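# Fold and contact review
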Amino acid sequence: MNASAAPVAVTKGVATYMSGGIGQDESTLIQQEAKNYPLELEFVIKASPKDEYAADVRVKISDASNNVVLDTVSNGPFFLAKLPAGSYQLTAAKNGQVKERKIAITPGSHQHIMFEWQE
């Protein structure tokens, strides 16, 4: 595995995140790291003849007071985040299509959420 190409954790404010998953090595590394993060997002485009992973997805996470705690672009189809316990609003945008989801982060939990867009 090429360590120099490995995704790295980035901390912005209260959030620490990692994104990537382009190629088999990077995808495997992200999947191994996922257990260390309470939030795992996966981005997919429903396409024919088969679904495709999506990259360059804008991810915005707001807390219960509607304060934006993270606003970034995912470098690949997988996005891992560590956030303080609490309620959050997730927004994922790709090609002008916006998907939203409310979540709650609790200590020791792990959530895997898939966002899907049409081709």
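Everything below is about the structure shown above.
Residues numbered from 1 in each chain as written. Predicted model: local features only at pLDDT ≥ 70, side-chain atom pairs only at ≥ 80, totals over all residues. Heavy atoms only, no water.

Looking now at the nonpolar core. In this structure, Leu 39, Leu 41, Phe 43 and Ile 61 are the most contacted members of the largest nonpolar core, which totals 23 residues. Breaking this core down by element, the ones donating at least two residues are β2 (15–20), β3 (39–46), β5 (57–63), β6 (68–74), β7 (78–82), β8 (86–94), β9 (97–105) and β10 (111–118). For this core, the leading source of residues is β3, giving 4 residues. When sequence neighbours within four positions are dropped, the list of residues in contact with Leu 41 reads Val 59, Pro 77, Phe 78, Phe 79, Leu 90, Ile 113 and Phe 115. One finds Met 18, Ile 30, Phe 78 and Leu 80 within the second-largest nonpolar core, a separate group that totals 6 residues. (Core = buried A, V, L, I, M, F, W, Y, C linked by side-chain atoms within 4.5 Å. Buried < 20%, exposed > 50% of the residue type's maximum accessible area, 1.4 Å probe, protein only. Helix = DSSP H or I, 4+ residues; strand = E, 2+ residues; numbered from the N terminus. Contact = heavy atoms within 4.5 Å.)

On to the pairing of β3. Of all the 8 residues making up β3, 7 are buried; the element is thus mostly covered by neighbouring parts of the structure. Bridge count for β3 against β7 is 4 bridges, and the pairing is antiparallel. What sits directly across from Leu 41, in β7, is Phe 79. When β3 meets β10, the two strands line up parallel, connected through 8 bridges. Opposite Lys 46, over in β10, you have Gln 118 as the bridge partner. Here β3 runs beside strand β4 (residues 52–53); their pairing, made up of 2 bridges, is antiparallel. Within the sheet, the bridge partner assigned to Ile 45 lies in β4 and is Glu 52. Counted between consecutive antiparallel strands, the loop separating β3 from β4 contains 5 residues. (Pairing = 2+ DSSP bridges.)

What follows covers helix α1 (residues 24–33). For α1, the set of buried residues is Glu 26, Ser 27, Leu 29 and Ile 30. Along the axis of α1, the buried positions cluster into a sector of 165°, meaning they face one direction only. Those residues of α1 that are buried are in contact with β2 and β7. (Arc of directions from axis to C-beta.)

This next bit is on the pattern of salt bridges. In this structure the tally under the stated criterion is 2 salt bridges. Note that Asp 71 is salt-bridged to Arg 58, the shortest N-O span being 3.0 Å. You can see Asp 71 sitting in strand β6 and its partner Arg 58 sitting in strand β5, a full 13 residues away along the chain. Looking at Asp 71, the relative accessible area reads 36%, which means it is partly exposed. The class of Arg 58 is partly exposed, set by a relative accessible area of 41%. (Salt bridge = Lys/Arg side-chain N within 4 Å of Asp/Glu carboxyl O.)

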